[in-house]
Amino acid sequence: MEIGLNHYLVLSTILFAIGLVGVMRRKNLLLLFFATEILLNAVNVAFAAISHYYGDLTGQMFAFFVIAIAASEVAVGLGLLIVWYKRNGSIDLDALTTMKG
Amino acid sequence: MFEAVAFYLFAFLTIAMFFIVVTTSQALYALTALAAGMIFISAFFFILGADFLGAVQIIVYTGAVMALYAFGMMFFDTTREVKEKQGNKYIIVGLSTLAAILVVVIFAAPMMSENIVALYPAIDGVGNTQAVGLVLFTKYLIPFELAAIMLLVAMVAGIVLAGKKMDLSITLMHEAEIEEEKNKKVLS
Amino acid sequence: MEKYLYIALFAPLVSSLFSSLFTATPKKLFTGIMASLLIFTSLVSSTILLMYILKGGEPIHVTMMTWMATGDLYIPFGFVVDQISVTMMMVVTLVSTVVHVYAIGYMDHDKGFNRFFAWLSAFVFSMMILVMSDNYAGLFIGWEGVGLCSWGLIGFWFHKESATWAANEAFIMNRIADLGMLIGLFLIYWNTGTLQYDGAFAAFHQLPTDTLTWIGVFLFIGAMGKSAQFPLHTWLADAMEGPTPVSALIHAATMVTAGVYLVIRSHELYSLIPHVGLFIASLGTFVALFAASMALVNRDMKRVIAYSTLSQLGYMFAAAGLGAYWVALFHLMAHAGFKALLFLGAGNVMHSMHDELDPFKMGGLKKVMKGTWIMMVVGSLALAGVIPFAGFFSKDTILEAAYSGNHMVIYGVLLFTAGLTAFYSFRLVALIFHGEERYKLFGIHPHEAYRFMLWAMSPLLLVAIGAGILQTPFFDMVEEALNAHEYHIAHGTALIMLVGTQMFVGLAILYAYKKYANSRVTVPDGTSKMENSFAYKLLINQYYIPYAYEEYLVKPYRELSEVFWQKVDLKIVDATVDGIAGIIYSTGEKTRVMQSGNLSTMLKWMVAGLVGLLSLAVIFGLAARYSDEILTFLSALGV
C-alpha cells in the first residue's frame, strides 16, 4: 500500500488534535509547554510531508524555522516559569487569575 | 511496503507517546514520553527524505529543548503527582476533534485540485543537506539571520530571567525594601 | 485699484476681529473708535473705487483664490467692482461709517459695547462680500453672513425674551426664503454649469423660458425673505427689538435691500422673463400700500419707520419688476440715506425719552431737541418725496416708469401710497416734536443727544437733501451696465403729474399736522371712536397676519411636532437607539464571565475561536467551489 500525502496530513492532524487536548486540559504550566511542543511538531510533520510530495524545499525551510522558534520559546518560557515559581511557589494555571475582568 | 510499515509503526508510536504526554499525571513520565515522541517524529522526516531536518529535530528538540526542560524541572517539585482540576472533558475532546476534521478538510481541498507548483524545487543530483543549505543561504538568508538573532535574544533572556534576584520586582517594592535588599547583598 | 478693493473688503473684517478680542471685557472706548476708523478706511477705498468707475474705468474683476474645484464645478472667491456693486459699496460703507460713529454715543452705557462693534463690523464685512462677489455662491455666503449678523444684532439684548424671539423669527423666516434661493442657485448651476455672473448670464439666453421662469421665481423667493416682502414680512417689524443703530444699518439701509440688489444684479435674467418681472412689480406695489397702511396707525415709533422701510422696498421692487433697474438702485441709494437718518433720529428721541417708543407719549420735543428735529423733518420730507429732497427724484422716477410702461394700476396705487407715506411720516414728526409736551405726564426729562452723534448723522442729512442732483451722473454711470433708459413723458403731462403729486403729498402733510400737531392730542386709551373702528383694529393688528401665522402655522406645527416627538421619536427612534445600546450592554454583561482571568479557560475559548474560523473557512471554501450549483439551486427556489 502506497503512503500518500494524505496519510501524513491525517497523522499531523491527529497529533495536532492531541496537542489541542493537552493545551485545553493541562493546568500545570510546564505540562502546558509540552502540549505546545506537540502542536509545533504536528505542524512540522505536515510541512515536511508537503515539501516531500511537491518536491519543494519551502516546507522544510518552514519546519526549520519552526524548530528555531520552538527553541527560543522554551528558553524564554522556562525562564519566566522559574521566575514565576520563585515568586508564587506554584505553576498552576488556576492560580493565575490576575487578569479577571 | 517498507515505507508503509515504517509509517504506521511510527505513527502509532508517536500518537501513543504524545497521548501519554497530555494524559499522564506524572511530570517525569510526560517529559520522557515527549522526548520519545520527538525522536519518533524525526523518523518521519527521514522517511520523507528530509535528512537534515530529521537531524536537526533530534539535535534541537531531543537534545537541547528536552535538556532545557529537564533542567527546568529540577526547580520544581516533579516527584509529586500533578493534580489538575478538570473541566468538561467533552468540550475538550469535541473541540479538538472538530478542529482536526476541519483542518483535514481544508488541507484536502487544494490537494485534490492539484494546482500547487513548486517554488523552489528540490535540486536533483545533490543531497538533501546540500539542497537545504542552498535554499537556506540564498532565498532565506535574511530570515535565517533573524532567527539566529532571535535565538541569541532568547538565550540572553533565559539567562537573565532565571538569574539571581529575578523573583523580586523593584518596581513593586518600596524604597525601604529596596534598601534592605541592597544591605543583604552587602552582608552576604 | 485691486489694492483698494481688498482694503474696502477686508477692513471691516479686521475691525470685527479686533473688536471681538474684547467682547468679554468691559466697555473700551477705543474698540468703537478703532472700528469706526477701519470702516471709514473702507469708505475711503470705496470712494476711490467709485471715482475710478465714474471716470469710465473698466470694472475691476479679481479672483482672490479658488474656493471649490471639483469636476466641472469651479467656484472661486472672486470679487467684482462694477457700476452696480460700487454703488452698493458706497451705500453700505457710508451708512455703516455713520452708524459706527453714532453707535459710540448710542451704546455709551451698554455692557456689550465691544461685542456690539464686533457684530456690527462683521455685518459690514458680510454685506461687502454679498455685494462684491462675482458669483452667486459668494453672494450666498454674504447673504447667510448678513442673516447671521442680523440674528446676533436683533437679539443683541439677549436677556430680553422678546429680543431673542424676534431674532429667531427673523432668522427662521430668512431660512425659509433661503431654501428658495438655494433651489434657484441649484437650478442655475444645473442648467448653465456655472455660478459666475458672466457665465450664467451668457448661458441664460439659450435656456427655455420655463426654466428661466423657475430660476427667476426661486431667486425672488430668496429676495422676498431678505427684503421682507409679503408674506414673509412679519420679521422686519419685530426686528426693531434690536438696538436702533442696527435698525438703521441693517433693517433700513443695507441688508433688507439685498433682495433688491439680487434682482438688480440678475437683471439680465429678469429682463428675459418680463412676466415674472410684472409679478414682482405687482407684489412690490401691493407691499408698498399694505405696509404703508399699517404704518398709518401704529403706535411704536420704530415700527412705523420699519413699515415705511417695507413700503419703500415695495417701491424698489415695483421699479425693478418693471425693468427700471437703475431707478430701483437709485431709490435704494437715496432711501438708505434718508431712512438711516430717520432711524438714527428716532434713536436720539428714544434715548432722550428713556426707551419710550410711543409717540403719543412725547410731543413738543422740538424745543429740547432742535438738531434731531431738523434731521427728522428733512428725513421725513425726503421720504415723503417733497421736491427737492432725495426721495422726490427717486420716487418720482418710479412713478414715471410705471406711467410710461402703461401700468396704470401700479401707478395709481404707488401714487396713493406716496400720499400715505407723507401722512404717516409727518404724523410721527408732529406727534414727537409738536403739540403739547405730553411727556411731562410721565415724568421724563428729555435731553439732546451727544453733539458728535448729530455730526455723525450729517452726511446722511446731506444725502437726504442733495441726492437728487446725483441722478444724472448716476444714470450716466449705470446706463450701460443696467441697460437703462430715461422715461420720456410728454412735457405737459409730466408737469401735471409733478404738480399733482406734490400737491397730494403736501395736502397729506398738512392733514397730518392738522390732526396731530394740536393740543387736543392725548394718549389713546382705547375708548375713542376711531380706535374701536374695524379698519383701525385691522391695521393696528397688522391685518391679523402674525396672529394667523401663530394660529394656523405655528400651533399646528407645534402639535404635529408633539405627536412626532411622542410617537416617532420616543417610541421608534429612541427605542431603537436604546435597544441597540441595551443589546450591546447585555452582551457585555453576559460575556463578562468569559474574562475569568483563568488562562486555561482562555485557551479553551481560543480553541473554540479557532474552530469557528476554520468552519467559516470551510463554509466559504465550499460555497466558492459549488457556487454554480448553489446559484442554480437558489434560482430553482425562485430567489
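Here the structure is shown first, and the text comes after it.
Conventions we followed
Residues numbered from 1 in each chain as written. Chains lettered and ligands numbered in written order. Predicted model: local features only at pLDDT ≥ 70, side-chain atom pairs only at ≥ 80, totals over all residues. Heavy atoms only, no water. Helix = DSSP H or I, 4+ residues; strand = E, 2+ residues; numbered from the N terminus. Buried < 20%, exposed > 50% of the residue type's maximum accessible area, 1.4 Å probe, protein only. Contact = heavy atoms within 4.5 Å. Areas by Shrake-Rupley, 256 points an atom, 1.4 Å probe, with all protein chains shown as cover. Core = buried A, V, L, I, M, F, W, Y, C linked by side-chain atoms within 4.5 Å. Phe/Tyr/Trp six-rings, centres within 6.5 Å; stacked < 30°, edge-to-face > 60°. Lys NZ or Arg CZ within 6 Å of the ring centre and 35° of its normal.

Re the overall build of chain C
Stage number 1. Of the regular secondary structure elements, chain C holds 25 helices and 2 strands.
Stage number 2. The buried share of chain C, taken over its 639 residues, is 55%.
Stage number 3. In chain C, the share of contacts with a sequence separation of at least 24, taken over all contacts with a separation of at least 6, comes to 81%.
Stage number 4. A total of about 27300 Å² of accessible surface is found on chain C, and carbon and sulfur atoms cover 69% of it.

With respect to the overall build of chain A
Stage number 1. A tally of regular secondary structure across chain A gives 3 helices and 0 strands.
Stage number 2. Its helices and strands taken in sequence order, chain A reads α-α-α from the N to the C terminus.
Stage number 3. Looking at chain A as a whole, 65% of its 101 residues are labelled buried.
Stage number 4. For chain A, long-range pairs separated by at least 24 residues make up 61% of all intrachain contacts whose partners lie at least 6 apart in sequence.
Stage number 5. In the structure as shown, chain A presents an accessible area of about 3400 Å², 70% of it carried by carbon and sulfur atoms.

Details of the nonpolar core
Stage number 1. Ranked by internal contacts, the top residues of the largest apolar core, which has 209 residues, are Phe123 and Tyr270 of chain C.
Stage number 2. For this core, the element with the most residues is helix α15 (residues 325-352) of chain C, which contributes 19 residues.
Stage number 3. Non-local contacts of Tyr270 of chain C, meaning those with residues more than four positions away in its chain, are made with Gly216, Leu219, Phe220, Val263, Val276, Ile280 and Tyr325 of chain C.
Stage number 4. With 86 residues, the next largest nonpolar core counts Phe33 of chain A, Ala99 and Val103 of chain B together with Val618 of chain C among its residues.

Some details on the packing of aromatic side chains
Stage number 1. The full count for this structure, using the stated rule, is 47 aromatic pairs over all chains.
Stage number 2. For the pair Phe10 of chain B and Phe40 of chain B, a centre-to-centre distance of 6.0 Å together with 45° between the ring planes defines the contact as tilted. With Phe10 of chain B in helix α1 (residues 2-23) and Phe40 of chain B in helix α2 (residues 27-47), the pair connects residues that are 30 residues apart, well separated along the chain.
Stage number 3. What makes Phe10 of chain B partly exposed here is its relative accessible area of 22%.
Stage number 4. When the centroid spacing of 6.5 Å and the interplanar angle of 70° are considered together, the rings of Phe10 of chain B and Phe44 of chain B count as edge-to-face. Residue Phe10 of chain B is found in helix α1, and its partner Phe44 of chain B is found in helix α2; the two are separated by 34 residues along the sequence.
Stage number 5. An aromatic cluster is built from Tyr8 and Tyr53 of chain A together with Phe7, Tyr8, Phe10, Phe40 and Phe44 of chain B, whose rings are joined through pairwise contacts.
Stage number 6. The residue whose ring lies beneath Arg115 of chain C is Phe156 of chain C, and the NZ or CZ to ring-centre distance is 4.2 Å.

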